[in-house]
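Fold and geometry: a report
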Amino acid sequence: MVRISEYHRPQTLDGVLALLQRDQSTVPLAGGTDLVPSKAPDAQAVVDLQALGLDQLSVEGFRIHVGAMLPLQRLVESTGVGEFLAGAAHLEGPITHRNAATVGGTIAVGDPHSFLLIALLALDAEVHLRLPDLATLSLDRILDAPRKFLDGGLIIGLTALSPHGAPGTAMAHVARTPRDKPIVAVAVRVTREGDRCGGVRIALAGVADRPIRAYQAEDRLKGQPFDKGLVDLAVAAVLEHLNPPSDFRGSSEYRREMVAVLTRRALLDACGKLA
Ligand SMILES: Cc1cc2nc3c(=O)[nH]c(=O)nc-3n(C[C@H](O)[C@H](O)[C@H](O)COP(=O)(O)OP(=O)(O)OC[C@H]3O[C@@H](n4cnc5c(N)ncnc54)[C@H](O)[C@@H]3O)c2cc1C
């Protein structure tokens, strides 16, 4: 358990940022599901974000707007965010976890096995930060260098494509048990322009030290004929530069096999929704 040396609950964002900029042992406290059980060697001063009103959720046309303090369970229960995002939030953990854990905390932790983060990558999520100036960065950029952006800064919310803006989405995964973290998970989004593929997002969990996007495969698929060959091309392109780690959940070879199977499954599912 973390040792807490100070507890603060400011009423304003400026109050939070002033505390966070004191030193590196002062950190934001959201749902506490990761921070509280963590074994940080030094005592932490925590800044509780509950009083800031950052738990809003709205769907406007093509975009979803989410506050950093929104509990994952609210995404599960919302009808407006669509099955793809709600389903990813549901897979993130049991209801006790989802009631406490927040969207902002999930981004800051950047778990390489997160269903929610790959769904958000596929939906082109942009994260709004106070550093203390306002900044908006792609989720992918933050996951690449969280310490660079988050030390002394704060995630305040995100925007992502709504079901209206992203009709062709799907996710597939394999895990040891139905409630376990995935060994591999793949989230995809496909757009169609006539008889061509307008664009593809392919995001993967369980294959690197963070959730990743398969950029080279995405580039390869844009503009290709929207037919059966698209899926074969996608699988080959995703595997081309992939070197997943081996661990107690599965070997690198097994993960590559699963990436091929799951990418195919998710793409067929997503393309079927656009037919
Ligand atoms: C048993 C267990 C299972 C877990 N399983 C999963 C899983 O399957 N998938 C997964 O993704 N994660 C998992 N986690 C990790 C973690 O619980 C989740 O990522 C969770 O969503 C974190 O959210 P929180 O609101 O509880 O964050 P907290 O625990 O409150 O904070 C986590 C970290 O994020 C920072 N932080 C929080 N909010 C902000 C903000 N707005 N701006 C900047 N920094 C912020 C905190 O300072 C802290 O460093 C698990 C943790 C445990 C203990």
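Here the structure is a predicted model, which means the values were calculated and not measured.

In the vicinity of the ligand lie 24 residues, with Pro28, Gly32, Thr33, Thr102 and Thr106 positioned nearest. Between the ligand and Asp34, the relevant distance is 2.8 Å, taken from an oxygen atom to a main-chain nitrogen or oxygen of the residue. Interatomic distance of 3.4 Å between a side-chain N/O atom of Asp111 and a nitrogen atom of the ligand. Protein chains bury 82% of the 970 Å² of accessible surface belonging to the ligand in isolation.

Moving on, we get to the layout of surface pockets. Its volume calculated, the largest pocket comes out at about 1,200 Å³. Taken together, 50 residues form the lining of the largest pocket, with Asp34, Leu35, Gly105, Ala108 and Val109 sitting closest to its centre. Contributions of two or more residues to the lining of the largest pocket are made by β2 (26-29), α5 (103-109), α8 (146-150) and β8 (154-161). Broken down by element, the residue count for the lining of the largest pocket peaks at 5 residues, all from α5. Of the residues belonging to the lining of the largest pocket, the class tally is 21 nonpolar, 19 polar and 10 charged. The computed volume of the second largest pocket comes to approximately 170 Å³. The residues that make up the lining of the second largest pocket include at least three from each of domain 2 (57-161) and domain 3 (169-272).

What follows deals with the sheet that holds strand β11 (residues 196-205). Judged by pairing direction, the sheet is antiparallel, and its 4 strands sit side by side in the order β9-β10-β11-β12 without closing on themselves. With partners counted over all chains shown, the strands left at the sheet margins are β9 (169-175) and β12 (212-213), one partner each. Pairing of β11 with β12 involves 2 bridges; the strand directions are antiparallel. Bridge pairing links Ala203 to Arg213 in β12. Taken strand by strand, helix α6 (residues 115-122) contacts β9, β10 (182-193), β11 and β12, and its axis lies near 15° from that of β10.

On domain assignment, one finds that the chain holds domain 1 (4-50), domain 2 (57-161) and domain 3 (169-272). The straight-line distance from the C-alpha centre of domain 1 to that of domain 3 is 37 Å.

Moving on to the environment of Val46. As for its placement among the helices and strands, Val46 is situated in strand β3 (residues 44-48). With a relative accessible area of 1%, Val46 lands in the buried category. The spatial distance from the C-alpha of Val46 to the C-alpha of Leu19 is 9.1 Å, given a sequence separation of 27 residues. Non-local contacts of Val46, meaning those with residues more than four positions away in its chain, are made with Ile4, Glu6, Tyr7, His8, Val27, Leu29 and Leu35.

Sheet topology places strand β6 (residues 126-130) next to strand β7 (residues 134-138); 5 bridges connect them, and they run antiparallel. Each bridged residue has a counterpart across the sheet, and for Glu126 the counterpart in β7 is Ser138. Hairpin connection from β6 to β7: 3 residues lie between these consecutive antiparallel strands.

Turning our attention to the pattern of salt bridges. The final tally for this structure, using the stated rule, is 14 salt bridges. Asp111 is paired through a salt bridge with Lys181; the nearest N and O atoms lie 2.9 Å apart. With a gap of 70 residues between them, Asp111 in the loop between α5 and α6 and Lys181 in the loop between β9 and β10 connect regions that are remote in the sequence. Owing to a relative accessible area of 35%, Lys181 belongs among the partly exposed residues under this scheme. Of the charged contacts, one joins Arg213 and Asp124 as a salt bridge, the two residues approaching to 3.9 Å between their closest N and O atoms. Of this pair, Arg213 sits in strand β12 while Asp124 sits in the loop between α6 and β6; the two residues are 89 residues apart in sequence, bridging distant segments of the chain.

Nonpolar side chains in soluble globular proteins tend to end up buried together. Residues Leu75, Leu85, Val103, Ile107, Leu120, Leu129 and Leu139 are the most contacted members of the largest nonpolar core, which totals 42 residues. A total of 8 residues in this core trace back to one element, the largest contributor, which is α6. Two domains each donate at least three residues to this core, and these are domain 2 (57-161) and domain 3 (169-272). Grouped together as the second largest cluster of nonpolar side chains are 34 residues, Cys197, Leu204, Val235 and Met258 included.

The rules behind these values
- Residues numbered from 1 in each chain as written.
- Predicted model: local features only at pLDDT ≥ 70, side-chain atom pairs only at ≥ 80, totals over all residues.
- Heavy atoms only, no water.
- Near = heavy atom within 4 Å.
- Polar contact = N/O pair within 3.5 Å; in protein donor to acceptor, adjacent residues only side chain to side chain.
- Areas by Shrake-Rupley, 256 points an atom, 1.4 Å probe, with all protein chains shown as cover.
- 1 Å grid on protein atoms, 1.4 Å probe; cavity = no way out; pocket = protein on both sides within 12 Å on 5 of 7 lines; lining within 4 Å.
- Points joined across faces, edges and corners; volume = space filled by probe spheres on them.
- Helix = DSSP H or I, 4+ residues; strand = E, 2+ residues; numbered from the N terminus.
- Nonpolar A, V, L, I, M, F, W, Y, C, P; charged D, E, K, R; others polar.
- Domains from an automatic or database assignment.
- Pairing = 2+ DSSP bridges.
- Contact = heavy atoms within 4.5 Å.
- Axes fitted to C-alpha atoms, helices over the stretch in contact; angles between N-to-C directions.
- Buried < 20%, exposed > 50% of the residue type's maximum accessible area, 1.4 Å probe, protein only.
- Salt bridge = Lys/Arg side-chain N within 4 Å of Asp/Glu carboxyl O.
- Core = buried A, V, L, I, M, F, W, Y, C linked by side-chain atoms within 4.5 Å.

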